[in-house]
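Letter by letter, the chains look like this.
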Amino acid sequence: IWTGCALQCFDLPVPSLAFLQGFDPPHQSDTRTVYIANRFPQHGHYIPQRFADNRIISSKYTIWNFVPKNLFEQFRRIANFYFLIIFLVQLMIDTPTSPVTSGLPLFFVITVTAIKQGYEDWLRHKADNEVNGAPVFVVRSGSLVQTRSKNIRVGDIVRVAKDETFPADLVLLSSDRAEGTCHITTASLDGETNLKTHYAVPETAVCQSVSRLEALQAVVECQQPEADLYRFVGRITVTQQGEEIVRPLGPENLLLRGARLKNTKEIFGVAVYTGMESKMALNYKCKSQKRSAVEKSMNTFLIIYLGILLFEAILSTILKYAWQAEQKWDEPFYNQKTEQEKNSSKILKFISDFLAFLVLYNFIIPISLYVTVEMQKFLGSFFIGWDLDLYHEETDQKAQVNTSDLNEELGQVEYVFTDKTGTLTENEMQFRECSINGIKYQEINGKLVPEGMTEDSPDGSVSHVVTAHASTHMGKESLFLKAVSLCHTVQISYDQTDGFGDMPFSHANGFSPQMEYYASSPDEKALVEATKRMGVTFMGNNGETMDIKTFGKSEKYKLLHVLEFDANRRRMSVILQTPSGETVLFTKGAESAILPYAKSGEIDKTRLHVDEFALKGLRTLVVAWRRFSVDEYREVDRRLHEARTALQQREERLAEVFSFIERDLELLGATGVEDKLQEKVQETIEALRLAGIKVWVLTGDKHETAVSVSLSCGHFHRTMNILELVQQKSDNECAEQLRRLARRIKEDHVIQHGLVVDGASLSLALREHEKLFMEVCKNCSAVLCCRMAPLQKAKVVRLLKTSLEKPITLAIGDGANDVSMIQEAHVGIGIMGKEGRQAVRNSDYAIARFKFLSKLLLVHGHFYYIRIATLVQYFFYKNVCFITPQFLYQFFCLFSQQTLYDSVYLTLYNICFTSLPILVYSLFEQLVHPHVLQSKPALYRDISKNSMLSFKTFLYWTLLGFCHAFVFFFGSYILMGEDTSLMGNGQMFGNWTFGTLVFTVMVITVTLKLALETHFWTWINHFVTWGSIAFYFVFSLFYGGIIWPFLHTQDMYFVFVQLLSSGSAWFAIIIIVIGCLFPDVIKKVFYRHLQPTNTQKSQLVEAHRGISCVDSLCCVSEGSSGCARLGRLVERVMGRCDPVRGARSWSNSDPYFSNDRSILTLSPMEVSHC
């Protein structure tokens, strides 16, 4: 009957395998044939199928492909590829500068990046080797052999012991139980911590020893691997005494890799899917290189600068030939052409000149930008690990950074996709309240106390209430507790024994420390544990009887039938024979599934209590019972037997019988269970919402459970209009429902909406109606997706990622079922929870608790983004300042490709003279104090959508660079005039002196420009800012003041000393620097007061609360009496200088900042205002 029925479900005759058609696996055949213990047929020409080995690979590189693959990825960066071309050009033709000037920085960038990415991948290899090298036992040659996990082959019989994880996808052959069942948890796969029962077919269940398994002759035929965790179709053919017995196989026979064996001593299973073909691995996405929005902006800006460079080089080449059209400039008397030059090709000469100009101006593309960005990301990522606010003391876990490439992306998040179980919740259910016969009770110290009474009240304890009735008849309270402790499918595990037949009932009152409950629903476990604390202890179920102890007295109930829970009925029941011989039905379920069928009991009061529990965010269940007469039970038993053995329409017939049985109920009461949320989840979700971030919850859990948690954690509000797209059966039905929802949203546009979608409906919506589904989702404040398979989670993330607005997404989860989602999102965060380390291992960042997400985004994300955005803009600015005078100089040297600066200055400008101030700025800058950023999440909106790297801001910095470059060059030129004598001895400036004057003004100006941009001054900022200027002067004096024997030419000898000996040169430096920066200061002052941003307003509020700096010009330390000189000048103009408020430093007693002791608050100086 079983075989015929199961195969009839596929509408097929038993021998046929055609039901396996219709899949699209990556194999030639639609099915795979697995010979158990690899006992292949001896006759005929059998060719074994090739299957994947059992290795798991999450790394990106191997030792062989690391160099080519890494180089390919790095040269995808425009700057790297460009500098490679420039380097090759310098090697091939005669250029004004040495190949070392571009080759050395390029080599440094490539090497540093390769080492960093290689180290990160080595960590992934290390984690893979741990998994692949785990010891396992397999049956080979009649004995149990220990081997490594990676050596398991398809067809091997594997032994797995209690609490071990399954090393491959196994079909269960037998367990230590006679009936061949075992219990597993799939927490790391689908997030569900409840216990699931799996079965072996009867023919293999008897093979409980290695010798019997060795003698087993069986073949498994099943579908090729697919990612769906809940689908498995196959059959097993067992040969016994020459007769072939065929049994169907389904998901209940398959043990998935990553799941854990519970409550069972050991099992034997045959491997059918191994390694990267296991369902867990198929739900992993390929580890791809994630690139941040800032990096993409950098590439766009580099293309623009490349255009500027090409324009300058082409213009210079054309003007050179236009100038040389005159004979006197083409071949002056002092520079006669050689015969070879006269006869050379004009086209080749033009190309050669163009390339020479390209090399001369190539420093406008800042390759050192990439080095600085890499260093900033690498060093900056340590702050996350060092932040004590992200440290979880109970578990001794600090935040972890697995990749530092995405730090700034934390400041750009628009959508957060979060798992539920273990991410928002603690994975712990707690019994809180109940309603019995219309009276509300609370649990206090293991006793049920009626509401309004204390534990010490004379009639407050349940023992008094219950025992008062127990001597005469079953009181309602006692009956309620018995119903709760009997109406479930909970299993018990004892450390000493692993079966249920010989459980140690001798343990006093069942309070053995070795006893542990396992349940198919976490609610059931919490309720059974609660009744145990109150004196009614469930002692076990051996399949025929259920044993409980009521206040020390043992009672045996005969288990007649279990009416299993299903999503349509939303209730489950048990039919029992009491010790007195009476037949009763106990049922529990959602109030909507029980109350309409109740005919007696305190129905109205209970309904009121259930609503009160739900408002508190508790998960509610209603409990009822019914007595059967002998005739009634006989009818019930007959109907159940007929429905359960029906070959056709079994589900419909069972539903009909269940409805017949579960009616005329007497209501006993209701329970309220709290799914314990993690600390501060509600506050975190609210902060994210205020920051303009939409939160989606994606969970594998049941609809009711997910909605309940969403309400209790504040993801859904009680005032929100909850829309549902669930249990859709067809495309048309789904489309119609989506249109209805879209209409409702338009009609109720004032109300906030929340959307609930289940996995099946989502598949239909994404297949044909993606656009309509996205429109509905975007108009909802919160979205909840339940019953989601891991790959569906990734599909939802990809759907949002690739939508028109291309928002930045973040995914956060704690289980292996979240890995695909974590890898798909722009930023993936793993929670160090109770479900293994897969999520943490595959994430970009890992934190111990969900509540840390708010500081990670609102503070660290904010800081990283403003730092790197300023770093990128400043780099382009200082390189425009650097190379534009070189371009202008060509108009004064007949476009002869003469360089304005010495080659040593060309090389060291970006490496030494201007690199450290911006690096330190990009590590320590804080526009607003961390506390303010956390208390005002709306400030996060100021930096959203890459606002600080918009084209407008980029244009401002570029034009500023050009303006400053013109002032440097023409300021120096005008000062010199035609015949101005600037030296003390009457000598005039020469070419190198003029270039050095421009270079000196430039180094000072770009360094002070960054000082103007700095809001948060530390001693390190002061040291590198003033130290860089001092280093330039000291270096130039040494470089030009000594004849260095290893230098081939020394054009700069004594040039700098002479320059500094001129008072006019000093005057020029001061005038030009002030001329460049003064308009900047005026602009900042006026904009700050006329059009302040939200961030600047927060700085003002902060200043009024006692933290003051005058826009980085007058930051002062404790005890200082006033503002710095330039700062005082600005303050006098604005009339705002207040020396009394000027001094400020942190102290341990400071009430405003005492809660933030992170490494980020290094200085006694804070954000400023003018």
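Right above here is the structure, for reference.
These figures come from a predicted structure and were not determined experimentally.

Enquirer: Whenever I open this one, the sheet that holds strand β7 (residues 195-199) confuses me. Can you help?
Expert: Within a sheet, each strand pairs with its neighbour through backbone hydrogen bonds, oriented either parallel or antiparallel. The sheet built from 3 strands is open, its strands ordered β7-β6-β12 with antiparallel pairing. Edge positions in the open sheet fall to β7 and β12 (260-262), since each of these has one partner strand only. Strand after strand, the sheet turns through a mean of 45 degrees between neighbouring axes, direction not considered. Strand direction decides the pairing type here: strand β6 (residues 181-185) and β12, joined by 3 bridges, are antiparallel. Of the residues in β12, the one forming a bridge with His 183 is Lys 262.

Enquirer: When you look at the sheet that holds strand β3 (residues 143-148) in this model, what are you seeing that I'm missing?
Expert: One open sheet accounts for 6 strands, arranged β3-β2-β4-β13-β5-β11; its pairing is antiparallel. On the outer flanks of this sheet lie β3 and β11 (254-255), each paired with one strand and no other. Examined bridge by bridge, strand β5 (residues 169-175) and β11 share 2 bridges and lie antiparallel to one another. Bridge assignment links Val 171 to a residue of β11, and that residue is Leu 254.

Enquirer: Which parts of the structure should I look at to understand the pattern of salt bridges?
Expert: Where charged atoms of side chains with opposite charge meet at close range, the side chains can pair. Scanning all chains against the criterion turns up 43 salt bridges. Here Lys 482 makes a salt bridge to Glu 555, at a shortest N to O gap of 3.2 Å. Note that Lys 482 is positioned in helix α16 (residues 476-486) and Glu 555 in strand β23 (residues 553-563), a separation of 73 residues in sequence. Considered together, Lys 482 and Glu 555 belong to a single accessibility category, that of buried residues. A salt bridge links Asp 664 to Arg 663; its shortest N-O distance comes to 3.4 Å. A single salt-bridge network, built from bridges that share partners, covers Glu 635, Arg 638, Arg 639 and Glu 642.

Enquirer: Please explain a nonpolar patch on the surface as it appears in this structure.
Expert: A contiguous nonpolar surface patch, about 640 Å² in accessible area, is contributed by Leu 310, Ile 314, Ile 318, Ile 347, Leu 348, Phe 350 and Ile 351. Of all the secondary-structure elements, those providing two or more residues to the nonpolar patch are α9 (293-323) and α12 (346-361). By residue number, the principal contributor to the nonpolar patch is α12, which donates 4 residues. Assignment of secondary structure puts Ile 347 in helix α12. We classify Ile 347 as exposed; its relative accessible area is 63%.

Parameters at a glance
- Residues numbered from 1 in each chain as written.
- Predicted model: local features only at pLDDT ≥ 70, side-chain atom pairs only at ≥ 80, totals over all residues.
- Heavy atoms only, no water.
- Pairing = 2+ DSSP bridges.
- Helix = DSSP H or I, 4+ residues; strand = E, 2+ residues; numbered from the N terminus.
- Axes fitted to C-alpha atoms, helices over the stretch in contact; angles between N-to-C directions.
- Salt bridge = Lys/Arg side-chain N within 4 Å of Asp/Glu carboxyl O.
- Buried < 20%, exposed > 50% of the residue type's maximum accessible area, 1.4 Å probe, protein only.
- Patch = residues over 30% accessible without salt bridge, like charges linked within 9 Å, V, L, I, M, F, W, Y side chains within 5 Å.
- Areas by Shrake-Rupley, 256 points an atom, 1.4 Å probe, with all protein chains shown as cover.

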